[in-house]
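What follows is the residue order along each chain.
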Amino acid sequence: MTMAPMGIRLSPLGVAVFCLLGVGVIYHLYAGVLSNHLSYFRQRKKVDLRDLLAVSVEAAQLGGKEVKRVREEDSLNEKSKGETKEGAKELLTMGDLQSHRKMFNLIKNTFPEITVYSEESDSQADPVTWSRYIPDDILKLEKGREVSADSITVWIDPLDATQEYTEKLVKYVTTMVCVALEGKPVIGVIHQPFTGFTAWAMVGQGTNMASRSDYNVNPPKVIVSRSHSGEVTHFLHTAFGNSTTIIPAGGAGYKVLSLLKMHSGQPEPIDEADVYVHITYIKKWDICAGAALLNALGGHMTTLKGENIDYSGTPVNKGGLVASVDVDHKAILEKLPNWDPSKH
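Bear in mind the structure is a predicted one, so any value in this text is a computation, not a measurement.

**Student:** Explain the pattern of salt bridges to me, please; I cannot follow it from the model alone.
**Tutor:** Pairing is possible between side chains of opposite charge, provided their charged atoms come close. Inspection of every chain in the model, using the stated rule, returns 13 salt bridges. With its nearest N and O atoms 3.6 Å apart, the salt bridge here joins Lys143 to Asp48. You can see Lys143 sitting in the loop between α4 (136–139) and β5 (146–148) and its partner Asp48 sitting in strand β1 (residues 46–48), a full 95 residues away along the chain. The residue Lys102 makes a salt bridge to Asp126 at a minimum N-O spacing of 3.1 Å. Separated by 24 residues along the polypeptide, Lys102 in helix α3 (residues 94–110) and Asp126 in the loop between β4 (115–118) and α4 bring together distant segments of the chain. The buried category is assigned to Asp126, whose relative accessible area is 17%. Put simply, Asp48, Asp51 and Lys143 are held in one network by salt bridges that share partners.

Put into structure tokens, the structure is as follows:
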């Protein structure tokens, strides 16, 4: 009697389980290796800071053209998007929106791997690309200072001083771009759409701005926000005495420019201040570009307590600010009364 050879039948379910176990083992063996490789390739994405400065200037100027065009066409279509902590309306106009589209997309289309935060948000894409033009004064800066893209945070303000923009107080209006490296501002651009002037700086490399020949801090002329000049008056009189001059103005970009030497071709001279103080919350896209300009000139922009502001992560700076150049910043801070911006 002959016996039929025994055949081995493999269960499809068993095969599947076996394969899954194999894949799991391979994954655990190689996941670390793959992760290291991916991390390595991410880190290899480098950005040349001189190129990024040129793109930032072009973005601010391009946004400025939209801001000016919308104002001249009187097609603002403004609406409220909420209120500031001081109770002032936060307005959004077509100038803000059209400027955002140009500025945000120009930077993201040129450097898609970097993080860009804007005061406005809008999903509409724009194919705008960098012209590759580098202005002569920027061309003189050192090329090849490359940094990893994931260490960069870009803050843009497509229209600073929107309230004043709606009131036709256009001298306060600016468009701004700031580049922070590991949270520290390294590039700042403040553009005035209605004069065509652009202030720029790369910390440690150069700037087209300068400080004025003299400042007075006994007592200082202090520039503050128009939206809360009542509270700040008492604060500053306590700090510097009743004879200190307080200048209410719109726009954080404008306030920083008021600390610096401005070009003589201004159609309407801007205010000249010795110190810029803000005693409530303020957003980083409002102040980062100004911080870079001041830092490039050896100046300072800190919280009311003298802390450095981290320009990464959350957009809100909760510590207020004090900005100055060519004066004893620490001595100014020491005169300030105790103040908690979160309670105001």
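**Student:** Sorry, what's going on with the sheet that holds strand β13 (residues 245–249) here?
**Tutor:** Paired through backbone hydrogen bonds, the strands of a sheet run either parallel or antiparallel to each other. Strands sit in the order β13-β12-β15-β19-β17 across an open sheet of five strands; the sheet is mixed. Two strands close off the open sheet at either side, each with one partner strand: β13 and β17 (300–302). Ignoring which end each strand starts from, the neighbouring axes of this sheet average 20° apart. Sheet topology note: the strand β12 (residues 221–225)/β13 ladder contains five bridges and is parallel. Paired with Ile223 across the bridge in β13 is Ile247. Contacts between helix α8 (residues 284–296) and the sheet are confined to β17 and β19 (321–324), with β17 contributing the most and set at about 140° to the helix.

**Student:** Got a minute to help me understand the state of the cysteines in this structure?
**Tutor:** The term disulfide refers to a covalent linkage connecting the sulfur atoms of a pair of cysteines. Counted under the stated rule, the structure contains one disulfide. Covalent S-S linkage joins Cys178 and Cys288, the inter-sulfur distance amounting to 2.0 Å. Residues Cys178 and Cys288 are joined by a disulfide whose S-S torsion is about -45°; by sign, that bridge is left-handed. Within this pair, whereas Cys178 is found in strand β7 (residues 174–181), its partner Cys288 is found in helix α8, the two being separated by 110 residues in sequence. Note on Cys288: relative accessible area 0%, which makes it buried.

**Student:** Sorry, what's going on with helix α2 (residues 49–73) here?
**Tutor:** Because each turn of an α-helix spans 3.6 residues, side chains separated by three or four positions end up pointing in the same direction. Over its 25 residues, α2 extends 36 Å from the first C-alpha to the last, a length consistent with the 36 Å expected when each residue adds 1.5 Å. Counted residue by residue, α2 has 18 buried out of 25 residues, so it is predominantly covered. Asp74 sits one or two residues past α2 and shows a positive phi near 55°.

**Student:** Explain the nonpolar core to me, please; I cannot follow it from the model alone.
**Tutor:** Judged by nonpolar contacts, the single largest core of 62 residues is most densely connected at Tyr276, Val277, Met301 and Tyr311. Counting residues per element, this core draws most heavily on α8, at seven residues. Among all residues touching Met301, those that are not within four sequence positions of it are Val256, Ile287, Gly290, Ala291, Leu294, Asn295, Ile309, Tyr311, Leu321, Val322 and Ala323. Ranked by size, the runner-up nonpolar core spans 33 residues in total, among them Leu52, Ile107, Ile187 and Trp200.

**Student:** Help me understand the packing of aromatic side chains, please; the structure alone is not making it clear to me.
**Tutor:** In the structure shown here, the tally under the stated rule is four aromatic pairs. For the pair Tyr172 and Tyr254, a centre-to-centre distance of 4.8 Å together with 80° between the ring planes defines the contact as edge-to-face. Of this pair, Tyr172 sits in the loop between α5 (162–166) and β7 while Tyr254 sits in helix α7 (residues 252–257), and the two are 82 residues apart along the sequence. The two residues Tyr172 and Tyr254 agree in class, both being buried. Taken together, the aromatic side chains of Tyr117, Trp155 and Trp285 make up a single cluster linked through ring pairs.

Conventions used here
- Residues numbered from 1 in each chain as written.
- Predicted model: local features only at pLDDT ≥ 70, side-chain atom pairs only at ≥ 80, totals over all residues.
- Heavy atoms only, no water.
- Salt bridge = Lys/Arg side-chain N within 4 Å of Asp/Glu carboxyl O.
- Helix = DSSP H or I, 4+ residues; strand = E, 2+ residues; numbered from the N terminus.
- Buried < 20%, exposed > 50% of the residue type's maximum accessible area, 1.4 Å probe, protein only.
- Pairing = 2+ DSSP bridges.
- Axes fitted to C-alpha atoms, helices over the stretch in contact; angles between N-to-C directions.
- Contact = heavy atoms within 4.5 Å.
- Disulfide = S-S within 2.5 Å.
- Expected span 1.5 Å × (residues − 1).
- Core = buried A, V, L, I, M, F, W, Y, C linked by side-chain atoms within 4.5 Å.
- Phe/Tyr/Trp six-rings, centres within 6.5 Å; stacked < 30°, edge-to-face > 60°.

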